[in-house]
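# Secondary and tertiary structure notes
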Amino acid sequence: MSSPATRGSGRTGWSPGFLVKLVLIALVDALGVYAVLAAWSADSWGVLAAMVALLLVANWAYFTKRALPLKYILPGLAFLLVYQVYVVAYTGYVAFTNYGDGHNSTKEQAIEALLVQNERRVEGSPSSPLTVVSDGGALGFAVVSPDGEVRAGTAERPLEPVPDAVVDGGQVTALPGYDVLEYAAVLERQQEVTDLRVPVSDDPADGSIRTQDARTGYVFTSTLTYDPASDTMTDTTTGVTYEPNDDGQFEAADGTILPVGWRVLVGFDNFVTAFGDDRYAGPFVQILLWTFAFAVISVASTFLLGLFLAIAFNDVRLRGRRVYRTLVILPYAIPGFLAALLWSGLLNRSYGFVNEVLLGGAQIPWLTDPVLAKLAVLGVNLWLGFPYMFLICTGALQSLPTDVLEAAKIDGAGRWRTWRSITLPLLLVATAPLLISSFAFNFNNFTLIYMLTGGGPRFDDASVPLGHTDILISMVYSVSGLDGTAAKDYGLASALSIVIFVVVATISALAFRRTRSLEEIA
């Protein structure tokens, strides 16, 4: 057994700390290798290269004495790369593609999908006795060929011979590697059985086996044929030939296109659509202005109310300040999405507490009128946000240097002069970064909009599902089609996300620059 090496400081190389580091690096390497293999199987070469580089850098940084600072900042750099740089870069890539409904996959996958979707039963094709089987929970078919050979497969695995199968009366009763489903189990999964398609072979042109009664299988083949040499798709029933176009679709000479396409680069088309298409351009300008107004008013109103309460409750002459402070921060203890849903019910026109109880049965459309809905959003956000501003203002006020305030008092400065020249600048130095982050948060306050109004009420003249209280981030969500109200268009949604990123980054940079000037004044 080898003895541990002595390190420069006199500690042994196999010290407990070194062993802990060894175990942690081993875990990181194991996770990294798993990610590399996953990227390899998904043909994500960029992710694979980044993971390999990260693993090499991590092992070098933690086993060398010449990279002490890197040991501390490497985890942060890794998370920055994965959660920020990669996300922004991938969003930027998608913004220049036609990724969305009809263009979700690669060209090879689109060709396979077209062949599968256009499968029809071969006229006059012989039927085969069929048995429904299960392979680890995945349904499959076992068919008996005329020569008595039994072949079985699943949706993911083509038919292949299975020796030693037991056949009774043309039906498979036992199959090595598979479980033969009883009649009752087949009935329970009847829809899955009739939807199941088991490929005949690895070649999609050979078709697949399907059944309607779970006892007889038929061969289905595609009415489309793909010619790799000419890169064309031909409909064998009509003789029409389709060629690939620049939009990532197969198109015939008369302009007819096949329904399944693939992702291609489209340049700045998504940005042109966002700013030039009447369906999006008009609502986009309105939503952009409302987003700025919502973020600015929300930050200003919550900050002023929080500051006012902080000043009031910071006065030593006020009794019961602890009780008041506790009551003020209660809204902050309620989850934001739950508070938005609660206010959505309180402001309901027909049976909401505000109309029914406080306003004596009035029918005020708080959430369905464009102006009132915006006021309701601002009011609810004020209720949700002022406790946070109250807390940071209270902390900032209590941390002000008393010697500076006393010096101003000795110099004869009045309360207003002291507040304007000393208290407010020092307060802004402490709170300005938080105000900037609050602006960025409200600029993307998706939860409040989605839970309170859902972006409504809808625009009358918009052919896309957008509304008067939508902000840019909820507009992106609606345009992406994830809510099911429109066709999915991830390319356009990513283009809008890039616009949001540029706006928030620019405003944050300008605001931080202004913060440095406040520090100089202070």
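Since the model is a prediction, treat every value here as computed from it, not as a measurement.

### Structural notes on the pattern of salt bridges
- Going through the model one piece at a time under the given rule, you end up with 8 salt bridges.
- Of the charged contacts, one joins Glu 119 and Arg 210 as a salt bridge, the two residues approaching to 3.3 Å between their closest N and O atoms. One end of the pair, Glu 119, is in strand S1 (residues 119–121); the other, Arg 210, is in strand S10 (residues 208–211), and 91 residues separate them in sequence.

### Some details on the side chain of Ser 474
- Checked against the element boundaries, Ser 474 lands in helix H16 (residues 472–480).
- Look at Ser 474 and you get buried, because its relative accessible area is 3%.
- Each residue touching Ser 474, except ones within four places of it in the same chain, is listed here: Phe 446 and Ile 449.

### Here's the deal with the pairing of S10
- Alignment of strand S9 (residues 198–199) against S10, held across 2 bridges, turns out to be antiparallel. Looking at S10, one finds that Pro 199 is bridged to Ser 208.
- Sheet topology places S10 next to strand S11 (residues 216–222); 4 bridges connect them, and they run antiparallel. Bridge assignment links Arg 210 to a residue of S11, and that residue is Tyr 218.
- Linking S10 to S11, which pair antiparallel, is a turn of 4 residues; within it Ala 214 sits at a positive phi near 65°.

### A word on a nonpolar patch on the surface
- On the surface, Leu 68, Tyr 72, Ile 73, Leu 77, Phe 79, Leu 80, Leu 81, Val 82, Tyr 83 and Val 85 cluster together to form a nonpolar patch covering roughly 1000 Å² of accessible area.
- Structurally, the position occupied by Tyr 72 is in helix H3 (residues 68–95).

### A few points about the packing of aromatic side chains
- Counted according to the given criterion, the structure contains 21 aromatic pairs.
- When the ring of Phe 18 is compared with that of Phe 63, the centres are 6.4 Å apart and the planes differ by 75°; the resulting orientation is edge-to-face. Of this pair, Phe 18 sits in helix H1 (residues 16–41) while Phe 63 sits in the loop between helix H2 (45–62) and H3, and the two are 45 residues apart along the sequence.
- For Phe 18, a relative accessible area of 18% gives the class buried.
- The exposure class of Phe 63 is partly exposed, given its relative accessible area of 38%.
- Between Tyr 90 and Tyr 93 the ring centres are 6.1 Å apart and the planes differ by 40°, which places this aromatic pair in the tilted class. Of the two residues, Tyr 90 and Tyr 93 are both situated in helix H3; the distance of 3 residues between them amounts to about one turn of the helix.
- By relative accessible area, Tyr 93 is classed as partly exposed at 42%.
- Aromatic ring contacts, followed pair by pair, group Tyr 86, Tyr 90 and Tyr 93 into a single cluster.
- Across from the ring centre of Phe 220, 5.5 Å away, lies the NZ or CZ of Arg 210, which sits over that ring.
- Taking the ring centre of Tyr 99 as reference, the NZ or CZ of Arg 263 above it sits at 4.9 Å.

### Some points on the nonpolar core
- One finds Phe 443, Leu 472, Met 475 and Leu 496 to be the most contacted residues of the largest nonpolar core, which totals 38 residues.
- At the level of secondary structure, the elements contributing two or more residues to this core comprise helix H8 (278–313), helix H12 (370–398), helix H14 (415–443), H16 and helix H17 (490–521).
- No other element matches the 10 residues that H8 contributes to this core.
- Among residues more than four places away in sequence, those in contact with Phe 443 are Thr 291, Phe 292, Ala 295, Ile 471, Leu 472, Ile 473, Ile 500, Val 503 and Val 504.
- Phe 294, Leu 367, Ala 376 and Val 377 belong to the second largest nonpolar core, which has 16 residues in total.

Rules used in this analysis
Residues numbered from 1 in each chain as written. Predicted model: local features only at pLDDT ≥ 70, side-chain atom pairs only at ≥ 80, totals over all residues. Heavy atoms only, no water. Salt bridge = Lys/Arg side-chain N within 4 Å of Asp/Glu carboxyl O. Helix = DSSP H or I, 4+ residues; strand = E, 2+ residues; numbered from the N terminus. Buried < 20%, exposed > 50% of the residue type's maximum accessible area, 1.4 Å probe, protein only. Contact = heavy atoms within 4.5 Å. Pairing = 2+ DSSP bridges. Patch = residues over 30% accessible without salt bridge, like charges linked within 9 Å, V, L, I, M, F, W, Y side chains within 5 Å. Areas by Shrake-Rupley, 256 points an atom, 1.4 Å probe, with all protein chains shown as cover. Phe/Tyr/Trp six-rings, centres within 6.5 Å; stacked < 30°, edge-to-face > 60°. Lys NZ or Arg CZ within 6 Å of the ring centre and 35° of its normal. Core = buried A, V, L, I, M, F, W, Y, C linked by side-chain atoms within 4.5 Å.

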